[in-house]
Amino acid sequence: MLRGLSVAYALFLLYLFLIWGRMQMFQDLPLSEYAKLYVNVIPLKTTVEQLRNLNAGLINTEIVLANTLGHILAFFPMGALLALAYEGTWKKHLLLVTIFSLLMELTQLVLHIGSFDVDAIIFNVVGYFVGLWLTKAVMGTIKRKQTMRRTAIKKKDNQIAC
């Protein structure tokens, strides 16, 4: 069931991505020209530029928050769901979310419905792992408390039996 929820969430993200992207279509440009304008492969270049522009008063805070926290929050639930549904090493999780994010960015590029930005991939991965690790931490705490309760009950039962 949780895997189904994870797939449903991934499809929901794709749906949002396509709807949002439709508002920014630039279909009249050839892909090569579009790529020159809307591709960033230098890690954190867009984020640093946005922070500089924010500091200079050229853009508002919402733009920077949408670029950073928006991506992090969008992938937080995916990490949380897959923490419950998928037992894999952190490397497998990293590969999974990176490939998914890369495919979303490439789709934006090919369909001309947004930009390809490596910053988005980085923040998607961060959000995914925050959700994953937080969920695993909470689940670990719950399991420890359950184990402590069982141990206490067994001790109590053993004391009564003696």
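Residues numbered from 1 in each chain as written. Predicted model: local features only at pLDDT ≥ 70, side-chain atom pairs only at ≥ 80, totals over all residues. Heavy atoms only, no water.

Moving on: the side chain of Q50. Assignment of secondary structure puts Q50 in helix α3 (residues 45-55). If sequence neighbours within four positions are ignored, Q50 has contacts with I59, I63, V64 and N67. (Helix = DSSP H or I, 4+ residues; strand = E, 2+ residues; numbered from the N terminus. Contact = heavy atoms within 4.5 Å.)

Let us now look at the packing of helix α2 (residues 31-38) against helix α5 (residues 90-111). Where α2 meets α5, the closest approach of the two axes is 9 Å, and the angle between their N-to-C directions is 125°. Relative to α5, the element α2 lies oblique. From α2, L31, Y34 and A35 reach across to α5, where they touch Q108, L109 and V110. Within the contact of α2 with α5, the residues separate by chemical class into 5 nonpolar, 1 polar and no charged. (Axes fitted to C-alpha atoms, helices over the stretch in contact; angles between N-to-C directions. Parallel < 35°, antiparallel > 145°, perpendicular 65-115°, else oblique. Nonpolar A, V, L, I, M, F, W, Y, C, P; charged D, E, K, R; others polar.)

All told, the structure shown has 1 salt bridge when counted by the stated rule. A salt bridge links E33 to K36, with the nearest nitrogen and oxygen atoms 3.4 Å apart. Here K36 and E33 lie together in helix α2, a separation of 3 residues that amounts to about one turn. A residue is classified by how much of its surface remains accessible, and E33, at 34% relative accessible area, is partly exposed. Judged by its relative accessible area of 63%, K36 falls in the exposed class. (Salt bridge = Lys/Arg side-chain N within 4 Å of Asp/Glu carboxyl O. Buried < 20%, exposed > 50% of the residue type's maximum accessible area, 1.4 Å probe, protein only.)

What follows deals with the confidence of the model for the chain. Looking at the chain as a whole, the pLDDT averages 85, with 86% of positions reaching at least 70. Here helix α1 (residues 2-22) stands out as the element of the chain with the lowest mean pLDDT, 65, in contrast to α3, whose mean of 95 is the highest. (pLDDT = per-residue confidence, 0-100.)

By size, the foremost hydrophobic cluster in this structure holds 18 residues, and its most contacted members are Y9, F75, M78, V97, V125, Y128 and F129. Elements supplying a minimum of two residues to this core: α1, α4 (61-85), α5 and α6 (118-161). (Core = buried A, V, L, I, M, F, W, Y, C linked by side-chain atoms within 4.5 Å.)

Right, let's get into α4. Compared with an ideal rise of 1.5 Å per residue, which puts 25 residues at 36 Å, α4 spans 36 Å between its outermost C-alpha atoms and is within 8% of the ideal. At L69, α4 shows its maximal kink, close to 35°. (Expected span 1.5 Å × (residues − 1). Bend = angle between axes of the 7 residues up to and from the residue.)

Under the definition given, this model contains 4 aromatic pairs. Aromatic pair Y34 and Y38: ring centres 4.7 Å apart, planes at 35°, arrangement tilted. Placement of both Y34 and Y38 in helix α2 is noted, with a separation of 4 residues, approximately one turn of the helix. Arranged with centres 4.8 Å apart and planes meeting at 40°, the rings of F129 and W133 form a pair that is tilted. In this pair, F129 and W133 are both assigned in helix α6, 4 residues apart and thus about one turn of the helix distant. Given the relative accessible area of 53%, W133 is considered exposed. Of the aromatic side chains, those joined through ring pairs into one cluster are Y128, F129 and W133. (Phe/Tyr/Trp six-rings, centres within 6.5 Å; stacked < 30°, edge-to-face > 60°.)

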